[in-house]
Amino acid sequence: GRERKGGLRDDLEGARTGRDTGHATTRVRATRDGRERKTRARDSALGEAMSRGERASLLGVNADEDAAVTVIGAREDGVDAMEDDGTYASTSRRQKMWRTRIIGVTVGVCVALVGVLAVTGARGAGAGLTPGGGAARSPSVGGDGAGQTVTMSALGASRVGSSMRAINAPGHIPGLAEHVDDVSSATKFRMLTFCNKAYWMFARNLLESMKAVSPSLVDFWTIIVADEETKKYIDDEIRLGGISVDIFVDEDLKTQVLKNRGASKDALKAMLSWRRVHAMQSLIDSDYTTMFLEPDVVIQKNPLQIIHDQLSKNDVVLSSDYGLGKTAREHASSKIVIAKPSVQAKKLFNVWQRAEASYSGDGAEIGFFNSEVAPHLESLTANVKILDQTVVGNFLSHHAKASQSFVTGTGCDDINYKINFMTQVLRHVQPMDPNNPVSEFDYEGVKQGCDLAGRAKVFKLSNEYAKKFAGH
C-alpha cells in the first residue's frame, strides 16, 4: 500500500509555472527477522500485520489526530513467544496467538479505513491544497502578517487538534453562475456581497454609497443570502427606496452547514469566509470580471476607473488592512477582491479554493493568501496587486482629506461603533444638504469600540514612510 502525500508548495508551483503537479508517494516498509523456516514464515505473517497496522495508524491520524490504532509491540517480533508469566507458548498456542493478533490488526485496519472514507466522503475533498481560523479577523498593527505554516494531509484532516473544522465542498457554488447569466446584460461584470439580516445595516450603507457616487453599479450587484426568508427581508427593505437589487439564495450553503453541523461557531465562520473564494471562482470561470465586497464597505468615489486601471495591468487585486508599499503587501485583506477572467487568474483561484481542504493555519482564506501566496507574488504567472491605504481605507487609516476610493469597517470590532463610523463616512459621501450640515469626523467618539491606539500606530508608520521617500 502507499500513503498519498500532497504538497501545497507543489500546487503553488503548478500555479506559477502553469503545469499540473503530482503527489509524491511513500511506502511504509516492515522489517522481518527470523532464524528458522517456521519462524520466518510466522514472522513474515507478523510483519505483514504490523505493516498493515502501521498504515492504519497513519490513516487514522490523517483523518483524526485523536485516533490511534494499536500496533503489535516490538518485543513480540522474535523467535521466542514468551507469555506474560515468563513461560513459553506451545507451537499451536503460538499460532493461535499470532492468528488472533493478526485478525485484531486487520479489524483495526478496516475500522480506520471506514473512518477515513467517512471523513473524505463527508467533506467531498480530495488531496490537494486548508484554515482553522475564524472569518472575522481584526488586524494587529505591527504584526508581520505572515500567517501560519501550512501542513498538508493527503486525506485532508477534518480536525485540527480536538476542534472539528467546517469545510465547503470544493469548486463552484452550485447555481450561482447560471443565476448571474439570467440577470446580466451583455456586460460580463458582477459585484458580489454575502449578507444576512444582522449585516444588512452595513450593506444598506454600501448600497446608498453606490447610489451616491455611481448609480449604475447597483445593476451589477448581487447579494448572496442563505435562505428565502433573508431574501424577502432584504428585498422588502430595498424596495422601500424604490429600487431593486439582485439577490441569490445560496441553497448549497444549507447543505454545507448541515454537513458540518458538529463544528464550532468559529469553524463555521471560517467556512463562510472561504465561500467568497468559491463564489468568485464560479463567476471568473464563466468569464465574468468579478468584484467581491464585504457588507461593511462604503464607496467614496466612482470605482470604475480604478477597476479598469488595475485590471489592465493585473489579474487579481486585493485590499489591505493598512500600510504603504511593502507593509500593505504584508497585510493583504479579502474585504475587497477584484479579478478578471484571465487564464492566470483562473489558475490562481483554483489553487486558492482548493486550499480550504488542507490549510490548517489561522485567518481562513486570507490567512492562506498571506502565508502561502503573498511571499511568492513575483514568481506567479498571475499578476497580483495589493491596494494600499491610499486606495482602501478604514478606521485605522481614514482621515477627511484621504480621498480613498473605498472605506471598510476594519479597526472597529464592536458592531455598534462600527456602524457609527461607517455612517459618518456615508454622510460625507452623500450629496450635501444645506439645511442639515454634516459634522466633522468624530474618531474619539467611537474609541470604545474601535482601535484608536492602532490608528495612532498606523499614522506613525505612514508619516515615517512619507519622510523616508520625501524627495524621491
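Located above this text is the structure these notes cover.
Quick caveat, the model's predicted, so the values are computed rather than measured.

A few words now on the state of the cysteines. This structure, assessed with the given rule, holds 1 disulfide. Between the sulfur atoms of Cys412 and its disulfide mate Cys450 the distance is 2.0 Å. Its torsion about the S-S bond being 105°, the disulfide of Cys412 and Cys450 is classed as right-handed. A residue pair is termed long-range when its members are at least 10 positions apart, and Cys412 in the loop between β14 (406–408) and α13 (415–429) and Cys450 in the loop between α13 and α14 (452–468) qualify at 38 residues. Pair check on accessibility: Cys412 and Cys450 agree, each one buried.

We now examine the nonpolar core. By size, the foremost hydrophobic cluster in this structure holds 46 residues, and its most contacted members are Trp221, Ile223 and Met291. Of the residues forming this core, the biggest block, 7 residues, is contributed by helix α5 (residues 200–213). When neighbours within four sequence positions are excluded, Ile223 is seen to be in contact with Thr193, Cys195, Trp200, Ile234, Ile238, Val245, Asp246, Ile247 and Phe248. One finds Ile224, Met280, Ala382 and Ile386 within the second-largest nonpolar core, a separate group that totals 39 residues.

A positive phi is found at Ala364, a non-glycine position, where the angle reads about 50°. Along the chain, Ala364 falls in helix α12 (residues 364–373). Given the relative accessible area of 0%, Ala364 is considered buried. With a phi angle near 55°, Ser403 is a residue other than glycine that sits in the positive phi range.

Attention shifts here to the sheet that holds strand β11 (residues 332–339). Across the sheet, 7 strands lie side by side as β7-β6-β5-β8-β11-β10-β12; this open sheet has mixed pairing. Of all the strands in the sheet, just β7 (246–249) and β12 (384–386) have a single pairing partner and so form its edges. Sheet twist, expressed as the mean angle between neighbouring strand axes with direction ignored, is 25°. In this structure, strand β8 (residues 289–293) lies alongside β11, joined through 4 bridges in antiparallel fashion. Its bridge partner being in β11, Thr290 is matched across the sheet by Ala339. Lying over the sheet, helix α8 (residues 265–284) contacts β5 (189–194), β6 (221–225), β8 and β11, oriented at roughly 160° with respect to β5.

Let us now look at the pattern of salt bridges. Counting across every chain of the model gives 17 salt bridges. A salt bridge links Lys211 to Glu208; its shortest N-O distance comes to 3.2 Å. Highlighted residues: Lys211 and Glu208, both in helix α5, separated by 3 residues, approximately one helical turn. Taking the relative accessible area as the measure of exposure, Glu208 reaches 24% and is therefore partly exposed. Here Glu294 and Arg276 are joined by a salt bridge, their closest N and O atoms 2.8 Å apart. Taken together, the positions of Glu294 in the loop between β8 and β9 (297–299) and Arg276 in helix α8 put the pair 18 residues apart, joining distant regions of the chain. Judged by its relative accessible area of 16%, Glu294 falls in the buried class. What emerges from the salt-bridge pattern is a single network uniting Arg276, Glu294, Asp296, Lys335, Glu365 and Lys418.

With respect to the helices and strands, the residue Ser184 is situated in the loop between α4 (176–183) and β5. Taking relative accessible area as the criterion, Ser184 reaches 17% and is therefore assigned buried. Within polar-contact distance, the side chain of Ser184 engages the side chain of Arg190 at 3.2 Å. Ignoring anything within four residues of it in the chain, the contact list for Ser184 reads Arg190 and Tyr288.

In this structure the tally under the stated criterion is 11 aromatic pairs. Judged by centre distance (5.4 Å) and plane angle (45°), the ring pair of Phe349 and Trp352 falls under tilted. Of this pair, Phe349 and Trp352 both sit in helix α11 (residues 343–354), separated by 3 residues, roughly a single helical turn. With a relative accessible area of 0%, Phe349 lands in the buried category. Look at Phe421 and Tyr443: their rings are 6.4 Å apart centre to centre, the planes differ by 45°, and that puts the pair in the tilted class. With Phe421 in helix α13 and Tyr443 in the loop between α13 and α14, the pair connects residues that are 22 residues apart, well separated along the chain. We classify Tyr443 as buried; its relative accessible area is 15%.

Attention now goes to α14. Here α14 spans 25 Å end to end across 17 residues, near enough to the 24 Å set by a 1.5 Å rise per residue. The set of residues buried in α14 consists of Gly454, Arg455, Val458 and Ser462. Viewed end-on, α14 has its buried residues packed into an arc of 100°, placing them on one side of the element. Looking at α14, the residues exposed on the side facing more than 90 degrees away from the buried face are Ala453, Lys460, Lys467 and Lys468.

A word on the sheet that holds β9. Ordered by their spatial adjacency, 3 strands build an open sheet running β9-β14-β13, and the pairing between neighbours is mixed. Pairing within the sheet leaves two strands with one partner each, and these edge strands are β9 and β13 (392–393). When β13 meets β14, the two strands line up parallel, connected through 2 bridges. Of the residues in β14, the one forming a bridge with Gly393 is Val407. Sitting on the sheet, α13 touches β9 and β14, and the angle it makes with β9 is about 10°.

What counts and what doesn't
- Residues numbered from 1 in each chain as written.
- Predicted model: local features only at pLDDT ≥ 70, side-chain atom pairs only at ≥ 80, totals over all residues.
- Heavy atoms only, no water.
- Disulfide = S-S within 2.5 Å.
- Helix = DSSP H or I, 4+ residues; strand = E, 2+ residues; numbered from the N terminus.
- Buried < 20%, exposed > 50% of the residue type's maximum accessible area, 1.4 Å probe, protein only.
- Core = buried A, V, L, I, M, F, W, Y, C linked by side-chain atoms within 4.5 Å.
- Contact = heavy atoms within 4.5 Å.
- Pairing = 2+ DSSP bridges.
- Axes fitted to C-alpha atoms, helices over the stretch in contact; angles between N-to-C directions.
- Salt bridge = Lys/Arg side-chain N within 4 Å of Asp/Glu carboxyl O.
- Polar contact = N/O pair within 3.5 Å; in protein donor to acceptor, adjacent residues only side chain to side chain.
- Phe/Tyr/Trp six-rings, centres within 6.5 Å; stacked < 30°, edge-to-face > 60°.
- Expected span 1.5 Å × (residues − 1).
- Arc of directions from axis to C-beta.

By themselves, these figures tell us nothing about what the structure is for.
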